[in-house]
Amino acid sequence: MLLKIEDLSVSFRNDDGDVNAAAIDVNLELERGEVLGLVGESGSGKSTVSMSVARLLPSPPAFYPKGRILFDGEDMLSMKLEDLRKKRGKKIGVVFQDPMGSLSPLHRISDQLVETILLHEDMSKKAANDMALEWLGKVGIRNVPVIAKAYPHELSGGMQQRVMIAMGLMLGPDLVIADEPTTALDVTVQAQVLKLMKDLHQANSGVLLITHDLGVVSQMATKLAVMKNGRVIEKSDNPAEFFASPKHPYSQSLIREARKMELEY
Ligand code: ADP
Ligand code: MG
């Protein structure tokens, strides 16, 4: 099993000491070759779970009262920071909704890609630079030499997201975590970016795809889980069947809402 989340609970403690249970008794499994779609309305705990997998939540305020996150059999929650750093980027690639939050504003695009490559791969700077440029091309960036020398804020949102995808996928991670990877983009660009992610992730990697957009899930996911108020309330290994006959009333209402929105377009 590539990823096994067992009875995971994640809470946040605020400045007053109050505790907010953001994820409660979550159980999820992901094999290589699968795309697990995690859906649910805003605030249901999707990002809390996905960020926990890469141990990217600031802690404090986050803490883990319960559970394990087994990545290739190793518990991410008890892993040393040094080992975590080795996993991130190389074994676990992340693509987030807000690329500006993940790209450094101070460094040129190619330099950021090269730095990530050199952190994990034993290769020359020249080879790393070639690889970075190659990946900018792969994610559909046309004027690569210009974009490579640009700073993140000089790019459009769609371009930034393409760079994030290159960053997340270029080292061939076993697990890709994509949290609302297209939510901030124009509808036309969304489809292109999704296609890219579909084409570029390795066939034997597992993808944890977080989205509130059921259309995205129906296009991409091989299995899915629905979250509500921090809990997984329904899981399905057969998305087509799920969309045809959702069991939980909340899943039914999610699908109804999504259909209504589609009609309004
Ligand atoms: P989703 O991704 O489904 O929209 P989140 O996981 O972001 O949901 O949020 C779940 C709950 O956790 C919310 O109540 C949110 O306020 C809380 N939360 C998320 N991140 C933090 C944080 N860094 N500090 C405090 N509370 C947080
Ligand atoms: Mg979120």
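Fair warning: this is a prediction, and the values are worked out from it, not measured in the lab. (Residues numbered from 1 in each chain as written. Chains lettered and ligands numbered in written order. Predicted model: local features only at pLDDT ≥ 70, side-chain atom pairs only at ≥ 80, totals over all residues. Heavy atoms only, no water.)

Engineer: Residues and numbers for the site of ligand 1, please.
Structural biologist: Ligand 1 sits among Phe12, Asn20, Ala22, Glu41, Ser42, Gly43, Ser44, Gly45, Lys46, Ser47, Thr48 and Pro61. Between ligand 1 and Gly43, the relevant distance is 2.6 Å, taken from an oxygen atom to a main-chain nitrogen or oxygen of the residue. In the model, an oxygen atom of ligand 1 is placed 2.8 Å from a nitrogen or oxygen of the Ser47 side chain. Here ligand 1 loses 62% of its free accessible area of 560 Å² to cover by the protein chains. Of all the secondary structure elements, the ones that give two or more residues to the shell around ligand 1 are strand E2 (19–30) and helix H1 (46–53). For the shell around ligand 1, the leading source of residues is H1, giving three residues. Split into classes, the residues belonging to the shell around ligand 1 amount to three nonpolar, seven polar and two charged. (Near = heavy atom within 4 Å. Polar contact = N/O pair within 3.5 Å; in protein donor to acceptor, adjacent residues only side chain to side chain. Areas by Shrake-Rupley, 256 points an atom, 1.4 Å probe, with all protein chains shown as cover. Helix = DSSP H or I, 4+ residues; strand = E, 2+ residues; numbered from the N terminus. Nonpolar A, V, L, I, M, F, W, Y, C, P; charged D, E, K, R; others polar.)

Engineer: Any details on the pairing of strand E4 (residues 62–71)? Residues and values, ideally.
Structural biologist: Remember that side chains alternate between the two faces of the sheet whenever the strand is regular. With seven bridges connecting them, strand E1 (residues 3–13) and E4 associate as antiparallel partners. When the sheet's bridge partners are listed, Phe12 is paired in E4 with Ala62. Bridge count for E4 against strand E5 (residues 74–75) is two bridges, and the pairing is antiparallel. The partner of Phe71 across the bridge, within E5, is Glu74. The hairpin formed by E4 and E5 contains two residues between the paired strands, and Asp72 there has a positive phi angle of roughly 50°. (Pairing = 2+ DSSP bridges.)

Engineer: Let's hear about the sheet that holds E1: which residues, and what values?
Structural biologist: Backbone-to-backbone hydrogen bonds join strands into a sheet, with any given pair of strands oriented parallel or antiparallel. Taken together, four strands build an open sheet; the order of strands is E2-E1-E4-E5 and the sheet is antiparallel. The sheet terminates laterally at E2 and E5, the two strands that pair on one side only. Contacts between H1 and the sheet are confined to E1, E2 and E4, with E1 contributing the most and set at about 115° to the helix. (Contact = heavy atoms within 4.5 Å. Axes fitted to C-alpha atoms, helices over the stretch in contact; angles between N-to-C directions.)

Engineer: Go over the packing of aromatic side chains with me, naming the residues and quoting the values.
Structural biologist: Aromatic ring pairs are described here by two measures, namely the spacing of the ring centres and the angle between the planes. Under the defined criterion, the tally for this structure stands at one aromatic pair. Pairing Phe242 with Phe243 gives two aromatic rings, centres 5.3 Å apart and planes at 80°, and the pair type is edge-to-face. With respect to burial, Phe242 and Phe243 carry one shared label: buried. The ring centre of Phe63 lies 4.7 Å from the NZ or CZ of Arg13, which sits over that ring. (Phe/Tyr/Trp six-rings, centres within 6.5 Å; stacked < 30°, edge-to-face > 60°. Buried < 20%, exposed > 50% of the residue type's maximum accessible area, 1.4 Å probe, protein only. Lys NZ or Arg CZ within 6 Å of the ring centre and 35° of its normal.)

Engineer: If you had to explain the side chain of Thr48 to someone new, which residues and values would you point to?
Structural biologist: Tracing the sequence through the fold places Thr48 in helix H1. Owing to a relative accessible area of 11%, Thr48 belongs among the buried residues under this scheme. Apart from residues lying up to four places away in sequence, Thr48 is in contact with Val10, Phe12, Ala22, Ala23 and Leu57.

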